[in-house]
Structures are given as C-alpha cells and as structure tokens.
Amino acid sequence: MAEKHTSPLLWILLLSALRFTSSFQSALVLEMAKILMQNYCLPEKLLGMHEAIQQAINSGELLQISDKKTLASLLTAGVQGALNDPRLTVSYEAKAVPVVPPVLQSPSKEQLKRLVRNSFKVDILENNIGYLRIDHIIDEETSAKIGSKLWDNVWNKVAQMSSLIFDLRYSTAGDLSGVPVIISYFYDPEPLIHIDTVYDRPSNTTKELWTMSSIPGKRYGKNKDLIILTSRRTMGAAEAVAYILTKLKRAIIVGERSAGGSVKVQKFRIAESDFYITVPVARSINPITGQSWEVSGVSPTVNVIAKEAVSKAKSLLALRYVIPKVVQIISNILRDTYAFSDRVSTLLQHLQSIDLLSVGSEKDLAIRLNQNLQTVSEDPRLIIRHMQDDDGSLEDHQKLYTIPDNIESLKAYTDKVFKVEILPDNTGYLRFDELAETSAVTKLEELMSQKVWEPLKDTSNLIIDLRYNTRGSCNSLAFILSYLHDCTKKQNFFTINDRIQNTTTEHKSLSKITGPAYNSERGVYVLTSYHTASIGEELAYLIQSLTCGTVIGEITSGNLMHSKTFQIEGTDIAISVPFINFIDNNGEYWLGGGVVPDAIVLAEEALNRAYEIMEFHKGLRSLIVGVGELLEKHYAIQEVAINVSQVLFTKWAEGLYRPVVDFESLASQLTTDLYETSGDHRLHVFHCDVEPELPHNVPKMPSGEEFGYIIEALFKIEVLPGNIGYLRFDMMLGIEVVKANGAELIKSVWKKIVNTDALIIDMRYNTGGHSTAVPLFCTYFFDAEPLQHLYSIYDRTTNTLTKVTTFSRVWGQRYGSSKDVFILTSHMTGSPAELFARTMSDLNRATIIGEPTIGGSLSSGTYQIRDSVLYTSIPNKVVLSATTGTVWSFLGVEPHVSAHVNDALSVAQRIIEARLKKKEIN
C-alpha cells in the first residue's frame, strides 16, 4: 500500500488542537493553503497539505483564538517551521490601504546618469588594482537604455585594471534580469555560459539565464583576478552575482555570509480578510550545484568582518600576484634537483593544473601545494611548508666533519669515536655515535680492524649500539657491513643516485678486509632510539634489509630525507626536495621515515631485551628443524613436505629468521613461509601456553527426542514453484548418527522432496560437521548398480589408500541419476560440505552455483613443535579424484556459475526454469 504523503505544515499551523467554530476562520485557513499551493516556489513541500487541513477542520480539533494578531503570529510560526522557510509570514493588517504600484515612466537621460552615479563607484587603488562598488543591480532593460557612452565611467575604466575588488557589501536591492549583464563583463562573448535557472511558480515557467554575447562598454574579461566583497546586508540579485561567480570558479569571496534573500516575494491578501501572507514565488537553481543562495546566503571563501574586507582583498591580490612566480620557482627546483627525474614531467604538469583560486593566505598556499605534490609523487620526502610554522625544521643536515688523511688524525678519531667492550656471556659491544667523512677509507678500515674487529672476533654475539648515533657519512658503511657479511660472497649493499651531481654509486662488499670477519652465522643485535639519525638510520635500515641482524629499541628519528631545502624568494614558503635516492640490496627505494625495530622497546630497555632475544635465538634452529620433521612425518603430500622442510632450513641458514624475536612472531613468520612455499593455507603454526585440547572423535548419540530438535534446527525443506525441491542443512551429520536415525530422516526430510523434478541443495551456510556420511548422501543421486566410485582417500598417518563408493542399499527411495541437482556454495561452506559438492561436481552429477569455498581439510593433526609452546596444524589426508586419479586441489570448490551468496538461490531457479522451458520446446 502506498504511503500517504502528509505535510507536517497542518499540524503546526493548527497546533495545540485549534477548535474553529467560525466558518470564517476555517475558510481563512483553507484560503491560505490555496495561496501556498498556487504560488509557493517549492510546491514539492506541500504534498497532501490541502487534504490534511480539510481533514483537521472536519475533525473539529481547532482551537478558538479571538486575537487576530496572535493568530497571525501562530500561523507564521507554524508555516515557517513546517516548511523550514523564514520568508513565509502571515500578518494581520486592519484597514490596510492597498498599495498601487506607480505607473513607471521611461527615465530621462539625466535620471539614468544619476542612477549610474548613485549605484556605481569606481576607483583605482595602488598597483593598478580596480575598485568597483555596486549598491543596486540595474535591470537588463534599463542597462540597455543607459547606452555605452554612459558606461565609460564604469566598465570601460574597470576593463583597464590589472585586478579588481568588486564590492557588493552594500547592495541590498536590484533586479535579477541585470545579473546576466554583470556576469557577462567577466567573461568573453563566446562561448555563452549557462549561469542560472529561475522557476516562477505562479506562471509555472522556467527561465534559463545565460551570459550575453553583446553588452555596452568594454569587458573586464575572464583571466584577471577578481575578488568579491560581501556582508550580512548583501541581498537579492547581488547574492546571485556572488554565488554564480564563485561556483563558476571565476572569483573568490571575502567578507561575511550574505543575508539569504529571495529571487522574488509577493504579498497576498487571504480571501477578503485583513490577513496577508508573504510568499516567495520564484527560486534560483544553479546549473552547477543544483542549489541556491536563497535563505542560506552566500558563504565567503575567506571569512572576515565586513569593514576589514577591502584590506584582506588587497593582501589576497598581492598573494595572487605571487602564486604564478612561486609555482614557477618550485617547477624549476624540481626540474633541476628532484631525485626521481622520471616523475618530474608529471609533477610539473600537475603543478600547472592545481586549482589555487580559493587560496586565502601564504600558509594556505603552502599546505595546498604540499598536499597535491605528496599525492602525485607518493614521496613523503618532497615537502612544502610555511617556514613561520616550522621554525627551522627544514634546515639542511649538519655539515659533516671531515677527517684529515694523515694517520695520526685517523687514529685519534678512531680511538675517540669507537667504543668496544666484552659484555657478560661473551657478548661483544660496539658503540659509535658518528661516522665522519674521509677520503682515506682504506686507512680507516685498517685502523678499525685493529680497534674494533680484532677484539670482537671471538665473541658469541655482537651488540651494535646506535642509540646515540646522530650523524655521519654513508661512504664508510660498506666496510662496516663487509665485516658482518660472508666475505666469500660479493654483494652490492646499496646504491646512491645523486641528481645534483648526476652520479650513481654502488656500495659493494669489500673484496678483501684487513681484519677478521665477524662470522655471519653469529647474532648481530642493533640498538636504536628516537635520537638515532643520519648514518645510524641508514645502518639500521640496511641491517634489516640485508637480514644480517636484529634491530631492537625505539623507532628512529625519521629525519634522514636525503633532501635539500630551498626558500622561495620573497615568501616564507620553503620546499624540501630529495636529491638523493637510497636504493637497498633488493632494489627498493628508501623514502625516509623512521626505521621500525624488529622488537620495539624503550631505548633504556634495549640492552636487556637484546639478551632475551639472544637466548630465544639459541633454540631457533631446533624449532625450524622440528617443523620440518613434523611435516615430513605427517603432511599428506610427502614430496611437498620434503621441499618445504628444506626451504625453511635454508631460510634459517641465510639469516632470514633474525627479525623473529619471540614465539608469537616466529609462529606468524612460519605460517607465512609454509603458505608461500606449499601454497596450502591449511598449514599453520600457532602459539599456545597450554596444550590445546584435541577434538573427540566419538560423537555423542542423540536420543530420539533430541534428534527431532536437530532436524528442526538444521534442516529446511520446501517445494518451490515448478515442483522444485529445496533442501538446506547447515551441518553434516556423522554416519553413526544417520544410521541410528535413518527412518526419521527419510520421513521428516527426504520424502518431502524426493519426487520433485529438480533439487536445489543449499550448503551456503553448512560450515562444519563430519565427512563420514558424505558417501551415503551421494548414493541417493546415483543408480543402485553398478556402484559408483566417488573418490579415494590417502591417509598419511596409516599410509593407506581407501577407495570410496556408493552404497548398494539405502533407506527409502533414491532421487535417481537423471534429474537435475544444483548445489549452492559460499565462502562459509565447510570441509564436509565441500567434499560432497566436489564429488558431485567431479562426477558431473550436479551444477555448483555461488561463491568459491575456502578449501578445508578432511583431517588435520595438531602437533607440538619439540617441547616448545608452538604447535602446528597439518592436514594428514588428501582426496583423489575418481575420474582422473589426481589429488584434489585444497584451494576450495570453484562453482560452475559464480554468484553472490545472496543471489545464488534465485540464479539456480532461473537456470532450472530455462532448462524446463527448453525441454518443453524439444
């Protein structure tokens, strides 16, 4: 039944259950409603109003109000509240004299001159900024009468200005027909632009307003800057001018929100009474927004009090003058210095296309440019900021201290900077807080071999403390990393692309090192803090990238951007441009930002945490080997198990498990590696402090009464139109339960659908249960003889292969092998239901409709990894196809017809209907 649209207007108009006993008052209200219906410019708000008022009057629930002004006030509040329109007013005007509009005579030339002089003011401010004030929007007919000579003092002067402040703060009157005239002065003659649409309710007509190809005087044009000033007094046609120009993105508005007037309002006498209602009879509809300036007013781009608007406009025009220069300077800097030279062309094109019309300040300009460049470049190092808000935060990095090449200076530097100790448990400790620039890298390496690597050569593990490392040169990183790397393997540690120098430098492992290499199989633990910066950040980053150590502590400072800062001349805007690209050994670009440790702790706790992780890493090899052994013993596909086991051990040997710092992170990493190596999402490792309970294999046998509840809860049976059977059950019962209750299942479920012409089996919500009854369920869809080979199961735990066939005898009647069967699946369909659906699909006995299933397992074992708190779940059975003999994929069942889970049933019904029609035709 259609809902009846009744306006709330009635209930507020006649609020408090007004009881009218006077036919006059009833007629008054009905006449007012009639005026609104015929003249109100938003008639869609009035649906059902007249009928509702008549119904209320007939009900007699209208209060008697004797005071006429009180009644007028009540009606005003009601109509305004109901329609959310403050322009609607009801007034009581006793003995009002009708206003007769004067007969307008054609104005004389002197009157026209006076009109222009009183309505327009033109001035020239500094820097050739024009100032135009219009207090009255002259209608189109009068504008034409004025003639071009009289416009010399207005538009011809304005046209010569470099920019314009258009003052509408005092414009409170005017005619909408003059709006296209004014708008046209700010555009070219062609093409014409649709600027507004006006709907007039009394005549029920719509008029489009367009710019004009011919107007008196010269045009200001569409390219020069234009700022409009508004105030709370700005009303009517002036609001239309401001709204149109800002929505066309031709001007920005400075000042206060305008009054929110109307295109046209009209006062109507209600019947022959002394009551009058004022109604907006026309409305504006902007072709761009579909909205209007009426009631709500025009919102300024830059909000200031009206008396400060001129001053603000001048500052904005000064900013507008600077913007092209700023954009050009930024473009030049990017072209000459940005490290990603292949992105420069795109960035420059984007810079030229950014809409900066509404920029209200230098700070706003910096924010807008920064947001756009960050979005397009996807480079967090490319930053534009307003320097007054970032007091020196964009200063270039400290100039590096350079060590003289002589041996004495190098030795003194080495003794001062590098601190070496042997901590408890034979743990080496190395701290250095900077790494200076030097051309004598070879000599420095020789001194470090004696000072650092010789004392540390026999330690069990090494801690490198970078918590206080704040500056340095990357030129010395290669020889430090060479001592932590297998020196028999040549490797490129990182590459530096310098756009300013136009150089590409590869930093490779040294072919020969002076001192003893620190065995790459020992543990290296790097400590960081939020102070860690520059060379410290680079080293921490490379330790992770090269997987030659574990990073512990706080996220580093993130200040290393490889950037150079330029201040834009004449502004407080600066741009920080990355001129160096740091490329790691994997070919990945490091775009700055802090290095996130493998183990995040407070800096002062990092050393103790390092010892805890060392202890954990001692048992890591045993756990990795243990996972491999369990796989080889229990995983259903042995060749896959052997391969995965080897891969896991190789990853450990190569140090790829160094980022693992506890059992939880190890479980997560192993699960990821198991999936990536085997492709089997069912393999996973988990952490559990207590031994997980294994599921009981012997299900509880329900009583007859309990089984009745099970049937009611799990099964839904229905015969759909066209004699189509529908069977939904949300859990697969075990074979023992089915055997014990077979007669009840046949009676309560099967008999209701066995004689249908087609059957839909809904397994979209069948999420679990037992697979033992699947062969029995399949049997009902095949003939008794010969027995049908359904699938084979290989059990890794017993090393047996079992051939599964249909049963020779079943309870009740078979559905047969010829009628159509459709199985609905979803991503929620569980393992036993998957087995049934895949079997029926593999033997071409059913059409699968819906979503792919997730791929479960018939049987998975949970095994403890050595004597740890880690466990692994391993599928120990696989199903082989009866038709091909190959192992079924564990990725789930792919439907023949893909459909959203909510649409699968309707899709199946449409397919059945189409097949039945085809059979009828044949």
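Attention here is on the structure that accompanies the text. Computed from a predicted model, the values in this text were never measured in an experiment.

Another aspect to go through is the overall build of the protein. Counting its regular elements, the protein contains 26 helices and 40 strands. Here the C-alpha atoms of the protein give a radius of gyration of 42 Å, more than 25% beyond the 29 Å that 2.2 N^0.38 yields for 922 residues. Along the first, second and third principal axes, the C-alpha atoms of the protein reach 110 × 100 × 55 Å. Taking all 922 residues of the protein together, the buried fraction comes to 50%. Looking at the protein alone, contacts between residues at least 24 apart form 75% of all its contacts between residues at least 6 apart. When the accessible surface of the protein is totalled, it reaches about 44000 Å², and 51% of it is carbon and sulfur. Separation of charge centres in the protein, based on 91 positive and 104 negative side chains, amounts to 8 Å.

Scanning the entire structure with this criterion turns up 29 salt bridges. The salt bridge partner of Glu-913 is Lys-917, with a shortest N-O separation of 3.5 Å. One end of the pair is Glu-913 and the other is Lys-917, both in helix α26 (residues 904–921) and four residues apart, which spans about a single turn. Assessed through its relative accessible area of 46%, Lys-917 is described here as partly exposed. Each of Asp-85, Arg-87 and Glu-294 takes part in salt bridges that share partners, so that together they form one network.

Within the secondary structure, Ile-422 sits in strand β15 (residues 419–423). Looking at Ile-422, the relative accessible area reads 48%, which means it is partly exposed. Considered as a pair, Ile-422 and Pro-455 are 33 residues apart in the sequence and their alpha carbons are 8.3 Å apart. Ignoring any residue separated from it by four or fewer positions in sequence, one finds Ile-422 in contact with Thr-427, Gly-428, Pro-455, Leu-456 and Thr-459.

Quick look at empty space enclosed by the protein now. Any space left empty among the atoms is revealed by the rolling of a water-sized probe across them. The final tally for this structure, using the stated rule, is four cavities of 30 Å³ or more. Of the pockets and cavities examined, the largest cavity occupies roughly 350 Å³. Lining the largest cavity are 17 residues, and of these Phe-715, Val-738, Leu-745, Phe-777 and Tyr-780 sit closest to its centre. Listed by contribution, the elements that provide at least two residues to the lining of the largest cavity are β31 (724–729), α23 (742–748) and α24 (774–779). Here the lining of the largest cavity takes three residues from α23, the largest share from any one element. Across the lining of the largest cavity, the residue classes tally to 16 nonpolar, one polar and no charged. Together, 19 residues line the second largest cavity, and Arg-682, Arg-838, Gly-856, Val-879 and Ser-889 are the ones closest to its centre. For the lining of the second largest cavity, the elements supplying multiple residues, two or more each, are α25 (831–842) and β39 (877–881).

Our focus in this paragraph is the side chain of Asn-372. Of note, Asn-372 is situated in helix α12 (residues 362–377). A distance of 2.8 Å separates the side chain of Asn-372 from the backbone oxygen of Arg-368, its partner in a polar contact. Excluding residues within four positions of it along the chain, Asn-372 makes contact with His-350 and Ile-354.

Turning our attention to the pairing of strand β32 (residues 758–762). A regular strand places its side chains on the two faces of the sheet in alternate fashion. With five of five residues buried, β32 is to be regarded as a mostly interior element. Side-chain alternation along β32 places Ala-758, Ile-760 and Asp-762 on one buried face and Leu-759 and Ile-761 on a second face that is also buried. Bridging between β32 and strand β35 (residues 820–825) involves five bridges; their strand directions are parallel. Each residue of the ladder has a partner; that of Ile-761, found in β35, is Ile-823.

With that out of the way, let us pick up unusual backbone geometry. In this structure, the amide linkage connecting Glu-190 to the following residue, Pro-191, adopts the cis form with an omega of -5°. A cis amide bond links Glu-785 with the next residue in sequence, Pro-786, at an omega value of -10°. Relative to the helices and strands, Pro-786 resides in the loop between α24 and β33 (789–795). Phi is positive for Asn-128, close to 60°, though the residue is something other than glycine. Within the secondary structure, Asn-128 sits in the loop between β2 (120–125) and β3 (129–134). Accessibility expressed as a relative area gives 30% for Asn-128, which makes it partly exposed.

Attention now moves to the packing of helix α15 (residues 477–484) against helix α16 (residues 535–545). For the pair α15 and α16, the least separation of the axes is 11 Å and the interaxial angle reads 35°. For α15 against α16, the interelement crossing comes out right-handed. In this structure, α15 uses Leu-477, Leu-481 and Leu-484 to contact α16, whose residues at the interface are Ile-535, Glu-538, Leu-539, Leu-542 and Ile-543. Broken down by class, the residue content of the contact of α15 with α16 amounts to seven nonpolar, no polar and one charged.

A cluster of nonpolar residues, Ile-555, Val-596 and Ile-600, forms a patch on the protein surface that exposes about 270 Å² of accessible area. Mapped onto the elements of the fold, Ile-555 is located in the loop between β23 (550–553) and β24 (563–567).

Here we come to the packing of helix α11 (residues 344–353) against α12. Pairs of packed helices are described in terms of their axes, by the angle between the two and the distance that separates them. Following both chains from N to C, one finds α11 and α12 inclined at 145°, their axes separated by 10 Å at the closest point. Taken as a pair, α11 and α12 cross one another with a handedness that is right-handed. The residues of α12 that touch α11, namely those facing Thr-346, Leu-347, His-350 and Leu-351, are Leu-369, Asn-372, Leu-373, Val-376 and Ser-377. Tallied by class, the residues present in the contact of α11 with α12 amount to five nonpolar, four polar and no charged.

Here we come to the packing of aromatic side chains. Using the criterion set out here, one finds 26 aromatic pairs in the structure. The interplanar angle of 5° and the centroid separation of 4.8 Å between the aromatic rings of Trp-453 and Tyr-483 together place this pair among those described as stacked. In this pair, Trp-453 is assigned in helix α14 (residues 441–456) and Tyr-483 in helix α15, connecting sequence segments 30 residues apart. Their ring planes at 20° and their centres at 5.5 Å tell us that Phe-715 and Phe-729 sit as a pair that is stacked. Remark: Phe-729 occurs in strand β31 and Phe-715 occurs in strand β30 (residues 715–720); sequence separation between them is 14 residues.

A separate point is the sheet that holds strand β22 (residues 523–528). The strand order across the open sheet built from six strands is β15-β16-β18-β22-β23-β28, with neighbouring strands paired in mixed fashion. Each edge of the open sheet carries a strand with a single partner, namely β15 and β28 (599–600). The pairing of strand β18 (residues 461–465) with β22 spans five bridges and is classified as parallel. Paired with Asp-465 across the two strands is Leu-527, which belongs to β22.

Take α14 next. Think of an α-helix as turning once every 3.6 residues; residues three or four places apart then point the same way. Its 16 residues place the ends of α14 21 Å apart at the C-alpha level, agreeing with the 22 Å of an ideal helix rising 1.5 Å per residue. Along α14, the sharpest change in direction is near 45° and occurs at Ser-449. The set of residues buried in α14 consists of Leu-444, Glu-445, Leu-447, Met-448, Ser-449, Val-452, Trp-453 and Leu-456. Contacts from the buried residues of α14 go to α13 (407–417), β15, β16 (427–431), β18 and α15.

This brings us to the nonpolar core. Across soluble globular proteins, nonpolar side chains have a tendency to be buried as a group. Counting 49 residues, the largest nonpolar core has Phe-432 and Trp-453 as the members making the most contacts within it. Where this core is concerned, the elements lending two or more residues are α13, α14, β18, α15, β20 (492–498), β22, α16 and β26 (580–584). Excluding residues within four positions of it along the chain, Trp-453 makes contact with Leu-430, Met-448, Leu-462, Ile-480, Tyr-483, Leu-484, Pro-516 and Tyr-518. Grouped together as the second largest cluster of nonpolar side chains are 46 residues, Leu-714, Ile-735, Ile-753 and Leu-790 included.

Our focus in this paragraph is the sheet that holds strand β14 (residues 383–386). To summarise the sheet geometry, strands pair through backbone hydrogen bonds and adopt either a parallel or an antiparallel arrangement. Taken together, the three strands give an open sheet; going across it, the order is β14-β25-β24, and neighbouring strands pair in antiparallel fashion. Only two strands of the sheet have a single neighbouring strand rather than two, namely β14 and β24. On average, each strand axis in the sheet is inclined to that of its neighbour by 20°, with strand direction left out of account. Relative to strand β25 (residues 573–578), β14 runs antiparallel, the two sharing four bridges. Paired with His-386 across the two strands is Ile-573, which belongs to β25. Of the strands in this sheet, β14, β24 and β25 touch helix α10 (residues 309–337), which is tilted by about 15° from β25. Along the sheet face, α12 touches β14 and β25 and points at about 170° away from the line of β14.

Cut-offs applied
Residues numbered from 1 in each chain as written. Predicted model: local features only at pLDDT ≥ 70, side-chain atom pairs only at ≥ 80, totals over all residues. Heavy atoms only, no water. Helix = DSSP H or I, 4+ residues; strand = E, 2+ residues; numbered from the N terminus. Rg over C-alpha atoms; globule rule 2.2 N^0.38 Å. Buried < 20%, exposed > 50% of the residue type's maximum accessible area, 1.4 Å probe, protein only. Contact = heavy atoms within 4.5 Å. Areas by Shrake-Rupley, 256 points an atom, 1.4 Å probe, with all protein chains shown as cover. Lys, Arg positive; Asp, Glu negative; His and termini not counted. Charge placed at Lys NZ, Arg CZ, Asp CG, Glu CD. Salt bridge = Lys/Arg side-chain N within 4 Å of Asp/Glu carboxyl O. 1 Å grid on protein atoms, 1.4 Å probe; cavity = no way out; pocket = protein on both sides within 12 Å on 5 of 7 lines; lining within 4 Å. Points joined across faces, edges and corners; volume = space filled by probe spheres on them. Nonpolar A, V, L, I, M, F, W, Y, C, P; charged D, E, K, R; others polar. Polar contact = N/O pair within 3.5 Å; in protein donor to acceptor, adjacent residues only side chain to side chain. Pairing = 2+ DSSP bridges. Axes fitted to C-alpha atoms, helices over the stretch in contact; angles between N-to-C directions. Left-handed = near helix turned anticlockwise from the far one by under 90°. Patch = residues over 30% accessible without salt bridge, like charges linked within 9 Å, V, L, I, M, F, W, Y side chains within 5 Å. Phe/Tyr/Trp six-rings, centres within 6.5 Å; stacked < 30°, edge-to-face > 60°. Expected span 1.5 Å × (residues − 1). Bend = angle between axes of the 7 residues up to and from the residue. Core = buried A, V, L, I, M, F, W, Y, C linked by side-chain atoms within 4.5 Å.

Coordinates in, geometry out; function isn't part of it.
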